[in-house]
Amino acid sequence: MIINCAIVDDDINDLNRIAKLINSLSRESDSSFDIDSCNNPENLNPSKKYDLYILDIDMPELNGFALANNIYEKDSDAVIIFCSNHDDLVFDSFKLNAFYFVRKSFLKDDLILALRKFISKKFMLNAEYIYKSNQTVIKIPLKDVIYFEISGNDLYICTSAKEYRERKSMKQLREDLHVNYFVQINQSFLVNANYIDEISGSKALLKNGLSFDIPRRSIKDVRNEYLKFLSR
């Protein structure tokens, strides 16, 4: 997996340290980083879409928060890691939906942890479900699956665009999934937690207006699974 990464930091030494740490992680993982480094925010390539931005906050011409807002205007789903000597800015960074806040005083430990979390998230978002039916084999991006439904001996795979059907049990399905963002709401439904809007009482309410009943005996477990997802 190739990750396009932009690093912006007015301190050349910090810029090189960050790039060196990223390259060291590349050598020990299945991911490789294509890095663009610049010590002036104005030199950031405006036409290139990056998977990850690592931004210094305290820069003289344009600080990291202002740069982040400019990036979000062009790409609302941008993933940004803020990097700073000022630990007190951590709460301000999360107001801007930062993926992580790296303390320069703990640069190696914080950055490696942040990058590993990002790689894990990227892998899960790129994961696919292999659908097989007769002579058909289709790769379905798991991020597009809203829910799986078991009815009798059949498995229904519901995406926003299409529904697929194959013969499979819930046990087989769970063994085949290698991501941790699906929540089993009840005996029949396994729901993508990214599509859940809220768990309210004995209902799981989805962002598209659908709702699923949660058995009374399972409410606590379902809530805990959803909270675990939200904390990742």
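Since this is a predicted model, take the numbers as computed values, not measurements. (Residues numbered from 1 in each chain as written. Predicted model: local features only at pLDDT ≥ 70, side-chain atom pairs only at ≥ 80, totals over all residues. Heavy atoms only, no water.)

Peer 1: Hey, could you run me through the sheet that holds strand S9 (residues 154-159) in this one?
Peer 2: Consider a sheet: its strands pair through backbone hydrogen bonds, and that pairing is either parallel or antiparallel. Taken together, the five strands give an open sheet; going across it, the order is S10-S9-S8-S12-S11, and neighbouring strands pair in antiparallel fashion. Of all strands in the sheet, those bounded by a partner on one side alone are strand S10 (163-167) and strand S11 (182-184). Strand-to-strand twist across the sheet, computed as the mean angle between neighbouring axes with direction ignored, equals 20 degrees. Bridging between S9 and S10 involves five bridges; their strand directions are antiparallel. Within S10, the residue paired with aspartate 154 across the bridge is arginine 167. (Pairing = 2+ DSSP bridges. Helix = DSSP H or I, 4+ residues; strand = E, 2+ residues; numbered from the N terminus. Axes fitted to C-alpha atoms, helices over the stretch in contact; angles between N-to-C directions.)

Peer 1: Explanation requested: the pairing of strand S14 (residues 203-206) in the structure shown.
Peer 2: In regular strands, side chains alternate between the two faces of the sheet. What you see with S14 is a clean split: Ala204 and Leu206 sit on the buried side and Lys203 and Leu205 on the side with no burial. Where S14 and strand S15 (residues 211-213) come together, three bridges link them in antiparallel fashion. By the bridge assignment for S15, alanine 204 is matched with phenylalanine 212. Taking the residues that link successive antiparallel strands as the turn, the S14-S15 hairpin has four residues, and the phi of glycine 209 there is positive, at about 100 degrees. (Buried < 20%, exposed > 50% of the residue type's maximum accessible area, 1.4 Å probe, protein only.)

Peer 1: Hey, could you run me through the sheet that holds strand S1 (residues 2-8) in this one?
Peer 2: The sheet built from five strands is open, its strands ordered S2-S1-S3-S4-S5 with parallel pairing. A single partner strand is all that each edge strand has here, and the edge strands are strand S2 (32-38) and strand S5 (100-103). Geometrically, the sheet is characterised by an average inter-axis angle of 20 degrees between neighbouring strands, direction not taken into account. Where strand S4 (residues 80-84) lies against S5, four bridges are found, and the strand directions are parallel. Paired with isoleucine 81 across the two strands is tyrosine 100, which belongs to S5. Lying over the sheet, helix H1 (residues 12-27) contacts S1, S2, strand S3 (52-56) and S4, oriented at roughly 175 degrees with respect to S2. (Contact = heavy atoms within 4.5 Å.)

Peer 1: Would you take a moment to explain the packing of aromatic side chains for this structure?
Peer 2: Each aromatic ring pair is characterised by the separation of its centres together with the angle its planes make. Counting across every chain of the model gives eleven aromatic pairs. Measuring from centroid to centroid gives 5.4 Å for tyrosine 129 and phenylalanine 148, while their planes differ by 55 degrees, and the two rings are tilted. Residue tyrosine 129 is found in strand S6 (residues 128-133), and its partner phenylalanine 148 is found in strand S8 (residues 145-151); the two are separated by 19 residues along the sequence. Each of the two residues, tyrosine 129 as well as phenylalanine 148, counts as buried. On the numbers, 5.3 Å between centres and 50 degrees between planes, the contact of phenylalanine 148 with phenylalanine 182 is tilted. Of this pair, phenylalanine 148 sits in strand S8 while phenylalanine 182 sits in strand S11, and the two are 34 residues apart along the sequence. (Phe/Tyr/Trp six-rings, centres within 6.5 Å; stacked < 30°, edge-to-face > 60°.)

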